[in-house]
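Per-entry structural report
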Amino acid sequence: MSTPTSSHVSGLPRPHSRAQRPSSSLSTPRPVSSASLRPQSRLSRPSSRVSRPATRHTARLLPLCQSLVTQITRLSPDNDAENFRIAVDFTLKNLEHAIKGGVSTDMTTMDKQFRGRVQKAQINNQDTLANSLQIAYTRLKEHAKDLIDIDEEIKLSHLPDHLQLLVLLSATPSRSTLAFADIYDDRDSSKKEPPLTWKDILAEEPFEGQHWEGVYGLPAGSTVEGWESRSTDSETSLSPWDDLDSLDSDDRNKDERSQPSEDSSSESVHSPDTSRRTIAHHASKHLAVVEELKAQQYWRDEWHIRIDVNRPFDLGDPSTLGPTVTQVLGEKEAPSFVGPEHEKYIFERHAVREVLMCLQGRKNFLIYTTTDTFRSVPSPTAPRLLHLTPTAQSSILSAFSEVTTTVCHLRKFAMAVVESASSADNLLPSPARLLSHSIRSRTLEAFADAVNTQIRCFDSWCAANEEAICRASVGVGDPLIVSLLSLSKDVRDTFAGTFDVLLNLLHHFAVFISQSHDRRDLAVWKIPSMPTRIPPSVVSTLLLDLLLKAVEEQAALGNTETSNTLISVLARTAEPTWKMVEKWLLDGMPVRMPWDSADTLNLDEEFFIEDNELQIMDPDFWSSGYVLRGPVTLEENQKTQPAVPAFLEPAVTQILGAGKAAGLLREMGARIFTECSGEELLNWGTFTALIEANSVVSKDSEALSRLISEEISAYCLAVAMRLSRVIMEECDLRRHLSAIHGLFLMTRGDDISNFTDILFAKMDAQQHWTDFHSLNGVFGDIIELSESNWIDASLVRLSYRGNKAASASQTVKAIDGLLVEYAVPFPLTYIFTPNVLQSYCSIFVFLLQIRRAKSVLEQILLRGVVANATLRSELKVFYAVRGKLSWFINTLFNFVTTFVIHSQSIKFWEAVNRAESLDELITIHNEHLDMLLRKCFLHSSTSELSKAIVSTLDMCLHFRNLFTAYAGDTVHDILRLSVSLRRHRSRRQRRIRKNVIGFSQPGARFDSDASSSDTDVDEEGLKEAPETSFSIAPSFAQEDLSEQLEKLSSELDSLVRYIRRCTENLSSGTSDAAQASGILAFTLDDWDS
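Residues numbered from 1 in each chain as written. Predicted model: local features only at pLDDT ≥ 70, side-chain atom pairs only at ≥ 80, totals over all residues. Heavy atoms only, no water.

Quick look at the overall build of the protein chain
The condition that has to hold: Numbering of helices and strands starts at the N terminus; helices are DSSP runs of H or I of at least 4 residues and strands are runs of E of at least 2. Between buried and exposed lies partly exposed: a residue is buried under 20% and exposed over 50% of the maximum accessible area for its type, with that area taken using a 1.4 Å probe on protein chains only. In what follows, residue pairs with any heavy atoms lying within 4.5 Å of each other are defined as contacts. Computed with a 1.4 Å probe, the accessible areas rest on the Shrake-Rupley method; for each residue, only the protein chains presented here act as cover.
Helices and strands together make up the secondary structure of the protein chain, namely 36 helices and twelve strands. Looking at the 1089 residues of the protein chain, the share that counts as buried comes to 41%. Taking as baseline every contact in the protein chain between residues at least 6 positions apart, the subset at least 24 positions apart corresponds to 70%. Split by element, the accessible area of the protein chain, about 61000 Å² in all, is 52% carbon and sulfur.

What follows is the structure, given as C-alpha cells:
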C-alpha cells in the first residue's frame, strides 16, 4: 500500500458544500519569511533590548530565552538588568537565525526513512515492531489530513520537521520498545478474527467445518454432512487427493465439460445416488488409511495395545507375565495401586526403536537425561512391555542408560573441543610460557574428531537398525526378529567397550593434566577449558601414550573389535604429530637469523623438539640449538611423563638428526639429494594409512616403533650421509683434524721439538717467554721454515693467561697458563667447540710439561775428567737420582706418546672413516678426546693422580737447581756445544751452596768471575731437616746436600709407588683407559727392581 506524501495531503478531496469548506491556506496571511526577520546590525541597535517583538516567533521565543538565561547564568532583571538583557538578546538572535535558516525536509523523505526502519525491523526478525511502526505511521498520515487549521499547534507544512526531530531523537529499540510494540499490535489486532491454524483444524472432528470443503473427493464447496446442497460448479477442489482419485476418469470428465451446461445439470439431477456412493467410497477409503496410520503411532497418549491385559497368567503365553506381576505387586503393596488395565503397554519392537533413538541422543519416552550431570536413567513413566517384569525392564533399560550416558559425555566432549578451538580467545596472541594456561592442542582436537567419527558410526548403525525395523514392519525385505536383549548384546559387542575405554581414558587424562586425585569426577567436556601447567607437547604425548596403552590392554584381553577401533582412533589422533615429523624431516630445522624477532616461534609447541633460540653461527647450535623436550612430573611426583610419544622413542634420535642435517645443508647451499628428491625417498603418507597397511603389528608398541623406524630410516640415513660427505670433502675435516693432532698432540715431532727447544731456552734464560708476539712469531717462523705444509699458522694463536709471577725454572705449573687456540671454519665449529679446544689445550700443556722435565734432566751432563775422589763420589749421588728421575720421565713420556696418543689415534681414524653422520662424527671425536684425557690422567676423576705426576715433574726442576748450586755452571746447555769443568769454587759459590733455596723461589745466578776459592764444604748449616717436604717448605737453607738428595729420592719413591697403586686400581676396569693404565702400572713394577 502506498504511503501518501505531502503532495497527496494537499490534494485531499474537498467537500461538496462551500459553506462547510474550511479556509484554505491561500486565504490565511502568509508567514513572515526569514528575510523579513533579518537580525539588526550592531550599528542600528534599538534603545531597548527587550522591546516589543517584531514577529510571532520572537514573541514565543522571548520567555523561553529569558528562562534559559536565568537557569544557566543565574541572571535576572532584578540583580543585573543590563547583562540579563545582553544575554537574552544574544540567545534570541541565535535561536531565530537557527530556526529560520535551518534545513527543512518533506514527507517523501520521511516516507523513505520510515519505510527503511520498517524493513530494518523485519530484517532483525522484529516483525511485531515493524507492523506496529507501519500502523502508527499510517494512522499519523491519516490524522494529518485534518491539520488544515492555521491555529493548530502543529502545521501541516511543519509535520516533516517534527517527524525528522523524532527520528533524530530516537534510539535503538530496547526491550521496553518491543514490549510496547506487542501491546500496540495486540490492541490493534484485537478487533480482527484470530487466524485459522493447523492446531484448530486438527482439534475438530474429521471432515467437519468449512475448511474441509472440497477435499477427499467432495465437490467444491461441499462437506460430508451437506455436500449436495452446498456444492457449486464455479468452485474447484484444492485437495490434491481429488486429482489422484480422478486420474482414471479424466476422459469422462473432459467429455462432461464439453457438453452443454443444461445437459450436465440434467444428468446430475437424474443420477444423484451414484455420485453419493462414489464420494462416500472415496471418503471411507481415505479415512481407513488415516486410521491405519494413526493406529501405528504408539507414542500418542490415546494409543493402546490391542491385547487384553487382564487375561490370567498363562505359562505358554509370555505376554501375560508383565500384567500379572504388576497386578500381584499392586495387591501386595497398596489397595489403591493402579492395575495393569491403567498401564500403557507397547510392543517390544516399539521399545527397540525408542532405545535406538535414545542411543542417538534424541528424545524418547523410555529413558531421559538430566540437564545438570547429563546422566541417563530409565523414565518412571515409561510404557511397559507385556513379557517383562518391571524389575527386568528396568534392568535392561539401565544397561542402555549407561551406554547412553557414556555416549552423551563423549559427544559433549567433542562439541566442547570444537567450540574451544573456534572461540575468539584462542585466536588472540597469548604469552608462550605461562604458569597456568588452558589446553590448546591440535592432538586433542584430532582425538575429539576421532571420537566424533566413532559416535557418527554408532549413530549410523542405530539408524540402519531402525530403518530395518521399519522396513520389516511393512513387509519390505527379509523378516526381522528384534528384542532388547539382542540389541543390548550387539551394542555391547560392537561399540560399548570402545566408548567405555575412551571415557575412562579421558577421566585419567583429566586427572593427569589437573594433577589432582580429588577430581576424578570431573566432567570430561570441561577438559578444553581446564587450567594446567603442563606444556602442550607433554599433553599431546600423554594422550597418545594413554591411547597406545589402551590398545595394548584390549588386545591382550582378546577384545579384537575394541582394539581395532582404538587403533583407528590412535591413528587419527597421531596425525598432527605425524605431520610435524614430516615437515621437520622434509623442510629441515628452521634457522633463526639475527634479524628475526625473539618472539618468532618456528616450531609448534606440541612438537617434541624444542628450539632454544640460538644463532646458527653459535658453536653450541648443533648440540643445543634444537633438542628434545624434557619430561614433566605428573601426579605429585609419582609419574614422569616424557615429551616424546612412546612409539616414536626408538626413532626420535634419527628424526632429530635428519631434520638438523637437512636444515644445515639447506643453509650451506648444498643439495640434499642429487639423484632423487626427498619425497620419493621418504614416500611419506598418513599415519592412518601406515596403520591400516600394518594392522597386525600396530597393536604392539615395540612392533609399531620398529615399523616407524624402518619407514624413516632410509631417508634419515641418506640425509646424514650427505652431510657427512659435505663436511669431509668440501669442508676439509681430515686436514683440520690432522693439523689439530699435530699441534695439540705433538705428533709433528720436528717442528714441535724446535718450538719447545726455543721456548725452554727462553725459560732457562729467564726471558719473557710469555709474550704474545714472541710466542706467535716463533711458531710462525718454524712453520714457515718447515718443508711440509701440515698446518696454517694463521689459524693458530698462542697466548699466556696464567700467573706471570711463577717462574718456569722452578715449577712446571707455570706452563698451565699457556693457551693454544685453533680457528676452525664453519661448520666445523660444531665439532671443535671451545670446550673441545680447551681439552686439547690441557693435553698440549701436559705434554709440554713432560718435555720440560725431560729437557731439564738432559741438560745435566758433565764433560771432562773429575780428578777429586770426593767430588766424584758426590757426583755419583747426583747421577743416581738423575737416573731414577730420567727413568720415570722417559717411561711416562713413552707411555703417553705410544700407548695413549698413537694407539688412540689409530682407533680414532678408523672410526672416522666409518662415520655416516655429523652426529656420529661429533660423538666419535668427543669419545676420542675423553679417552685421551682419561689415559693422560687429566680427567676430573683422576685429579689426585695428576697432581702426583706434576709433583714428580717439579722434582726434576728442583733437582736441576740443586745440581747447579753444587756443581756451578757446568751443566750441558743445548744452545752451546761444550761446557768446561772447573774445580775452583769461590766463597760466593760456597755461600750459595750453604744457602740453598727452594725451587719455588727465583733461581740463583752464578758468578764465574769470583777470585777466591775453597774446596772445603761447610756442612754445619745442613744438619737440621725441615718439618715438611720440598714441595711445601719454601726454603731448605739449613739442610745438608746429602739429606736433601736422600729426601728427594725417598719422596720420589713414594710418588712413583703412589702412581703405580693408582694405575693398578684404574686397570681393574674393561675400558681402553683401564687397559692403558694397566700398561703403565706393569711398567712401574720395575721401579723397585
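Overview of the packing of aromatic side chains
Selection rule: Note on aromatic pairs: the rings of Phe, Tyr and Trp (six-membered ring only in Trp) are paired at centre separations within 6.5 Å, and the planes decide the class, stacked below 30 degrees, edge-to-face beyond 60, tilted for the rest. A ring is considered to have a charge above it if a Lys NZ or an Arg CZ atom is located within 6 Å of its centre and within 35 degrees of its normal.
Per the stated rule, a full pass over the model turns up 29 aromatic pairs. Measuring from ring centre to ring centre gives 5.1 Å for Trp-769 and Tyr-800, while their planes differ by 70 degrees; the resulting arrangement is edge-to-face. One end of the pair, Trp-769, is in the loop between helix H28 (749–764) and helix H29 (772–785); the other, Tyr-800, is in strand S11 (residues 796–800), and 31 residues separate them in sequence. Its relative accessible area of 9% is what places Tyr-800 among the buried residues. One aromatic cluster in this structure is built from Trp-584, Phe-607, Phe-608, Phe-621, Trp-622, Tyr-626, Phe-826 and Tyr-830. The ring of Phe-365 is capped by Lys-344, whose NZ or CZ atom sits 5.9 Å from the centre of that ring. For Lys-854, the ring lying beneath its charged end belongs to Phe-893, and the centroid distance is 6.0 Å.

So, the nonpolar core
Just so we agree on the cut-off: Nonpolar core, defined: a set of buried Ala, Val, Leu, Ile, Met, Phe, Trp, Tyr and Cys residues in which side-chain atoms within 4.5 Å join the residues together.
Phe-447, Ile-527, Trp-584, Leu-585 and Phe-832 are the most contacted members of the largest nonpolar core, which has 225 residues in total. Ignoring sequence-local partners within four residues, the contact set of Phe-832 consists of Leu-733, Leu-737, Ile-740, Val-824, Leu-837 and His-925.

So, the pattern of salt bridges
Our working rule: Just to be clear on terms, a salt bridge is a Lys or Arg side-chain nitrogen sitting within 4 Å of an Asp or Glu carboxyl oxygen.
Counting across every chain of the model gives 20 salt bridges. A salt bridge links Lys-579 to Glu-582; the nearest nitrogen and oxygen atoms lie 3.7 Å apart. Here Lys-579 and its partner Glu-582 are both found in helix H21 (residues 575–587), three residues apart, which amounts to about one turn of the helix. Here Arg-852 makes a salt bridge to Asp-764, at a shortest N to O gap of 2.9 Å. Pair noted here: Arg-852 is in helix H30 (residues 834–859) and Asp-764 is in helix H28, with a separation of 88 residues, a long-range link. We classify Arg-852 as buried; its relative accessible area is 0%. Here Asp-764 falls in the partly exposed class, since its relative accessible area comes to 26%. Three or more residues are tied together by salt bridges with common partners; here these are Asp-764, Arg-852 and Arg-960.

Overview of the packing of helix H23 (residues 652–668) against helix H26 (residues 701–730)
What counts, and what does not: For helices, the axis comes from a line fit to the C-alpha atoms of the stretch in contact; other axes are also lines fit to C-alpha atoms, and the angle between any two N-to-C directions lies between 0 and 180 degrees. With respect to orientation, any angle under 35 degrees is reported as roughly parallel, any angle over 145 as roughly antiparallel, any angle of 65 to 115 as roughly perpendicular, and every other angle as oblique. In a left-handed crossing the near helix is turned counterclockwise from the far helix by less than a right angle, and in a right-handed crossing that turn is clockwise. Amino acids are sorted into nonpolar (Ala, Val, Leu, Ile, Met, Phe, Trp, Tyr, Cys and Pro), charged (Asp, Glu, Lys and Arg) and polar (every other residue, Gly among them).
The contact between H23 and H26 brings their axes to 9 Å, and the two run at 40 degrees. It follows from the interaxial angle that H23 and H26 lie oblique. Considering how the two elements wind past one another, H23 and H26 form a crossing that is left-handed. Mapping the contact onto sequence places Gln-654, Ile-655, Ala-658, Ala-661, Ala-662, Leu-664, Leu-665 and Met-668 in H23 and Ser-709, Ile-712, Ser-713, Cys-716, Val-719, Arg-722, Leu-723 and Val-726 in H26. In terms of residue class, the contact of H23 with H26 is made up of twelve nonpolar, three polar and one charged.

Here's the deal with unusual backbone geometry
The omega angle of the peptide bond from Phe-826 to Pro-827 is 5 degrees, so this bond is cis rather than trans. Positioned with a positive phi, Arg-74 is a non-glycine residue whose angle comes to about 65 degrees. Among the structural elements, Arg-74 can be located in the loop between helix H2 (56–73) and helix H3 (81–101). Assessed through its relative accessible area of 67%, Arg-74 is described here as exposed.

Digging into the pairing of S11
Our working rule: At least two bridges found by DSSP between two strands are what make those strands a pair.
Counting buried residues in S11 gives four out of five residues, a clear majority hidden from the surface. Note: S11 against strand S12 (residues 818–822), five bridges, orientation antiparallel. Counterpart to Arg-797 in the pairing with S12 is Glu-821.

Quick look at the side chain of Ser-1077
Within the element layout of this structure, Ser-1077 appears in helix H36 (residues 1072–1084). A relative accessible area of 2% means that Ser-1077 is categorised as buried. Non-local contacts of Ser-1077, meaning those with residues more than four positions away in its chain, are made with Phe-937, Thr-1063, Leu-1066 and Ser-1067.

A look at helix H27 (residues 733–744)
Selection criterion: One less than the residue count of a helix, multiplied by 1.5 Å, gives the span that helix is expected to have.
Between its terminal C-alpha atoms H27 stretches 16 Å, which fits the 16 Å expected from twelve residues at 1.5 Å a residue. Among the twelve residues in H27, nine count as buried, and that is most of the element. Within H27, burial applies to Leu-733, His-736, Leu-737, Ala-739, Ile-740, His-741, Gly-742, Leu-743 and Phe-744. A positive phi of about 60 degrees marks Met-746, the residue just after H27.

Considering the state of the cysteines
Worth spelling out the cut-off: Criterion for a disulfide: a pair of cysteine sulfur atoms at a distance within 2.5 Å.
What the rule picks out here adds up to zero disulfides. A disulfide-free cysteine, Cys-408 has its sulfur positioned 9.4 Å from the sulfur of Cys-358, the nearest such atom.

With respect to the environment of Glu-1046
Inspection of the secondary structure puts Glu-1046 in helix H35 (residues 1041–1066). We classify Glu-1046 as exposed; its relative accessible area is 58%. Separated by 169 residues in sequence, Glu-1046 and Val-877 have C-alpha atoms that sit 9.0 Å apart.

Section: the side chain of Thr-404
Summarising the element assignment, Thr-404 is placed in helix H16 (residues 390–422). Among the residues examined, Thr-404 registers a relative accessible area of 5% and is labelled buried. The contact partners of Thr-404, leaving out residues within four places of it in the chain, are Cys-358, Leu-359 and Ser-376.

Structural notes on helix H20 (residues 560–573)
The terminal C-alpha atoms of H20 lie 20 Å apart, and with 14 residues this matches the ideal 20 Å at 1.5 Å per residue to within 8%. Considered for burial, the residues of H20 that qualify are Thr-562, Ser-563, Thr-565, Leu-566, Ile-567, Val-569, Leu-570, Ala-571 and Thr-573. Buried-residue contacts for H20 involve helix H17 (442–473), helix H18 (484–514), helix H19 (536–556), H21 and helix H25 (687–693).

Section: the environment of Trp-578
In this fold, Trp-578 is placed in helix H21. On the basis of relative accessibility, which here comes to 4%, the residue Trp-578 falls in the buried class. The contacts of Trp-578, once residues within four sequence positions are left out, are Leu-648, Trp-684, Gly-685, Thr-686, Phe-687, Leu-690 and Ile-708.

A closer look at the packing of H17 against H20
One can describe the packing of H17 onto H20 by two numbers: an axis separation of 8 Å at closest approach and a directional angle of 145 degrees. Of the two elements, H17 crosses H20, and the hand of that crossing is right-handed. Taking contact as the criterion, the partners of Thr-443, Ala-446, Phe-447, Asp-449, Ala-450, Thr-453 and Gln-454 in H17 are, on H20, Thr-565, Ser-568, Val-569, Arg-572 and Thr-573. Across the contact of H17 with H20, the residue classes tally to four nonpolar, six polar and two charged.

Brief notes about the confidence of the model for the protein chain
Inclusion rule: Values of pLDDT, ranging from 0 to 100, describe the predictor's confidence in every residue of the model.
A residue-level look at the protein chain finds 71% of positions with pLDDT of 70 or above and a mean pLDDT of 76. Note that residues 1032–1037 has pLDDT below 50 and, in this model, 18 contacts with residues that lie over four places away or in other chains.

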